[in-house]
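Descriptive structure summary
Residue-level listing of the chains:
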Amino acid sequence: MISILLPSRGRPENIVRLANSIFETASNPSKIEIIVRLDEDDPKLNEYMDNPPKQTTYFTGPRLVLSELWNECYKKANGDILMHSGDDIVFKTWGWDDKVRNAFDTYSDKIVFVYGNDGSGVHDGKFGTHGFIHRKWAETVGYFVPPYFSSDYNDTWLNDVAKMINRHHHIDILTEHMHPDLGKGPLDQTHKDRIARHKRDNVEEMYNSFKLERADNASKLRKEMK
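Residues numbered from 1 in each chain as written. Predicted model: local features only at pLDDT ≥ 70, side-chain atom pairs only at ≥ 80, totals over all residues. Heavy atoms only, no water.

Inspection of every chain in the model, using the stated rule, returns 14 aromatic pairs. For the pair tryptophan 96 and phenylalanine 132, a centre-to-centre distance of 6.3 Å together with 25° between the ring planes defines the contact as stacked. Placement of the pair is tryptophan 96 in helix α4 (residues 96-105) and phenylalanine 132 in strand β7 (residues 132-134), with a sequence separation of 36 residues. With respect to class, tryptophan 96 is no different from phenylalanine 132; both count as buried. A ring pair is formed by phenylalanine 113 and tyrosine 115, whose centres lie 5.8 Å apart and whose planes are at 20°; its orientation type is stacked. Tyrosine 115 shares its class with phenylalanine 113; the two are buried. (Phe/Tyr/Trp six-rings, centres within 6.5 Å; stacked < 30°, edge-to-face > 60°. Helix = DSSP H or I, 4+ residues; strand = E, 2+ residues; numbered from the N terminus. Buried < 20%, exposed > 50% of the residue type's maximum accessible area, 1.4 Å probe, protein only.)

So this is what it looks like as C-alpha cells:
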C-alpha cells in the first residue's frame with residue numbers, strides 16, 4: 001500500500017481536490033490511503049469532517065511543529081511506501097502509483113528516495129518536493145522526517161540524505177504544486193503563518209546546524225543497503 005501523508009489546516013477543499021486527483025489517476029486506487037493530520041483548533045475543522053474523501057483518515061491534535069505532524073501521520077499509516085505530501089498538490093500522471101512501485105522494486109533493500117516533477121520548472125529532475133520513501137527507511141533512521149522544522153526543509157533533508165547514499169531516484173510523474181509563488185494558488189492564512197514561522201525560527205540556519213545528524217542518517221541507511 002502507498003500512504004499519502006500530509007498535515008492540513010484551513011484547506012478542506014484542497015483535500016477533496018487532492019484525493020480526487022489521486023484516485024482518478026491511480027492504476028490501483030484500492031492500494032492507496034490518505035492520512036491527514038488536522039489541528040483541533042482549525043476554524044474549518046467541521047468542513048473537513050463533513051466531506052471526507054474515500055480511503056482518507058482524518059485525525060486531530062494540538063498545534064505542533066510541522067515536522068512532527070508528518071511523523072504523526074507516519075505512525076497512523078498502514079502502507080510500506082510513504083509519501084511526503086502537501087495539501088496543495090494535484091496528481092496529473094495516469095498510473096503514477098505503478099511508476100512509484102516499480103521504482104522501489106528496482107532496489108531489493110527498498111532504501112531509496114523516489115520523486116517526480118512538481119511543475120515548477122525549477123526542481124524537475126533535480127529535487128523532490130513531494131517524494132516517497134519506504135517504511136524501512138523511516139524505521140532505520142527513527143522517523144519519517146526530522147522533528148525540528150516549523151516550515152520547509154523536510155523535503156530538503158530527504159533529498160540531501162538520498163544524494164549522500166546515491167539513492168536519489170527521479171521518475172516521470174507530475175504532482176503539480178499549486179503554490180502561490182508559482183502563481184497557481186492563493187496566499188492564504190496557512191501560507192502566511194508558515195512564512196512567519198520560517199522567519200521567526202530561522203529555519204535555514206537550523207537546518208545547517210544538523211549536518212552531523214544527516215550524516216548519521218546516511219550511515220545508518222548504508223548499513224541496510226545491499
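Turning our eyes to something else, we now look at the pairing of strand β6 (residues 113-117). The element β6 is largely enclosed, with a buried count of five among its five residues. With four bridges connecting them, β6 and strand β8 (residues 168-177) associate as parallel partners. Paired with asparagine 117 across the bridge in β8 is leucine 174. (Pairing = 2+ DSSP bridges.)

Overall, the coordinates contain 13 salt bridges when judged by the stated rule. Put simply, aspartate 39 and arginine 63 hold a salt bridge, and the shortest N to O gap is 3.6 Å. Placement of aspartate 39 in strand β2 (residues 32-39) and of arginine 63 in the loop between β3 (56-61) and α3 (66-76) is noted, with a sequence separation of 24 residues between them. Overall, arginine 63 belongs to the partly exposed group, its relative accessible area being 41%. (Salt bridge = Lys/Arg side-chain N within 4 Å of Asp/Glu carboxyl O.)

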